[in-house]
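# Survey of secondary and tertiary structure
Given next are the chains, with one letter for each unit.
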Amino acid sequence: RGGVGTRQTGQAAAATATAAKKFNDEHNITGKLYDATAAAANKAKEVNTKYNITGKLTAGATSAYQKASEFDKKNNVSGKVGSSISSGLTAFTSAMGGAPAKKKDLPSVPP
């Protein structure tokens, strides 16, 4: 019995694929999708060239990173957050009945 159902499902899938290919051959759906995608990509490139969008985004991101880095150096935000996470994990481990882990030396990360 399982073979009949499987065969019928396979035949239905094959019929669907055949109908989809026939429809595509008649209406060139994949060709039209390709052309539309290429046109959109070309328009995006044209707009970017005209308005320098990626250059402005890169400059903005660089500036934001520099300001965040300066703020972190001034206020030690990453150190405070790291210390808080470490303390929280230690407290959680203790609350769960575990022993605090031994400190492991990790490689330093460049600033």
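This text goes with the structure placed above it.
Residues numbered from 1 in each chain as written. Predicted model: local features only at pLDDT ≥ 70, side-chain atom pairs only at ≥ 80, totals over all residues. Heavy atoms only, no water.

### Considering a nonpolar patch on the surface
Taken together, the side chains of F71, V77, V81, I85 and L89 define a hydrophobic patch exposed on the protein surface, amounting to about 460 Å² of accessible area. It is helix 4 (residues 77–95) that contributes the most residues to the nonpolar patch, four residues altogether. Take V81: it is sitting in helix 4. The partly exposed category is assigned to V81, whose relative accessible area is 44%. (Patch = residues over 30% accessible without salt bridge, like charges linked within 9 Å, V, L, I, M, F, W, Y side chains within 5 Å. Areas by Shrake-Rupley, 256 points an atom, 1.4 Å probe, with all protein chains shown as cover. Salt bridge = Lys/Arg side-chain N within 4 Å of Asp/Glu carboxyl O. Helix = DSSP H or I, 4+ residues; strand = E, 2+ residues; numbered from the N terminus. Buried < 20%, exposed > 50% of the residue type's maximum accessible area, 1.4 Å probe, protein only.)

### With respect to unusual backbone geometry
Its identity is not glycine, yet N52 carries a phi of approximately 55°, on the positive side. With respect to the element layout, N52 can be found in the loop between helix 2 (29–51) and helix 3 (53–75).

### Quick word on the packing of helix 3 against helix 4
Running from amino to carboxyl end, helix 3 crosses helix 4 at an angle of 65°, the nearest separation of the two axes being 6 Å. By the angle between their directions, the pair helix 3 and helix 4 is classed as roughly perpendicular. Listed contacts from helix 4 to F71, D72 and N75 of helix 3 are V77, S78 and K80. In the contact of helix 3 with helix 4, the residues fall into two nonpolar, two polar and two charged. (Axes fitted to C-alpha atoms, helices over the stretch in contact; angles between N-to-C directions. Parallel < 35°, antiparallel > 145°, perpendicular 65-115°, else oblique. Contact = heavy atoms within 4.5 Å. Nonpolar A, V, L, I, M, F, W, Y, C, P; charged D, E, K, R; others polar.)

### Digging into the side chain of N24
Relative to the elements of secondary structure, N24 occurs in helix 1 (residues 2–27). Only 2.8 Å separates the side chain of N24 from the backbone nitrogen of T30, close enough to count as a polar contact. Discounting residues that sit within four places of it in the chain, N24 has contacts with I29 and T30. (Polar contact = N/O pair within 3.5 Å; in protein donor to acceptor, adjacent residues only side chain to side chain.)

### Some thoughts on the pattern of salt bridges
Taken as a whole and assessed by the stated rule, the structure comprises two salt bridges. With its nearest N and O atoms 3.3 Å apart, the salt bridge here joins K43 to E46. Remark: E46 and K43 occur in helix 2; sequence separation between them is three residues, near one turn of the helix. Given the relative accessible area of 48%, K43 is considered partly exposed.

### Examining the environment of K50
Along the chain, K50 turns up in helix 2. Relative accessible area serves as the criterion here: at 61%, K50 is assigned to the exposed category. Once the C-alpha coordinates of K50 and R7 are considered, the two residues, 43 residues apart in sequence, prove to be 57 Å apart.

### Things to note about helix 3
Residue pairs three or four apart in sequence face the same way in an α-helix, which turns once every 3.6 residues. Given a rise of 1.5 Å per residue, 23 residues ought to cover 33 Å, and the 32 Å separating the end C-alpha atoms of helix 3 matches this to within 8%. Count one or two residues on from helix 3 and you reach N76, which has phi positive near 50°. (Expected span 1.5 Å × (residues − 1).)

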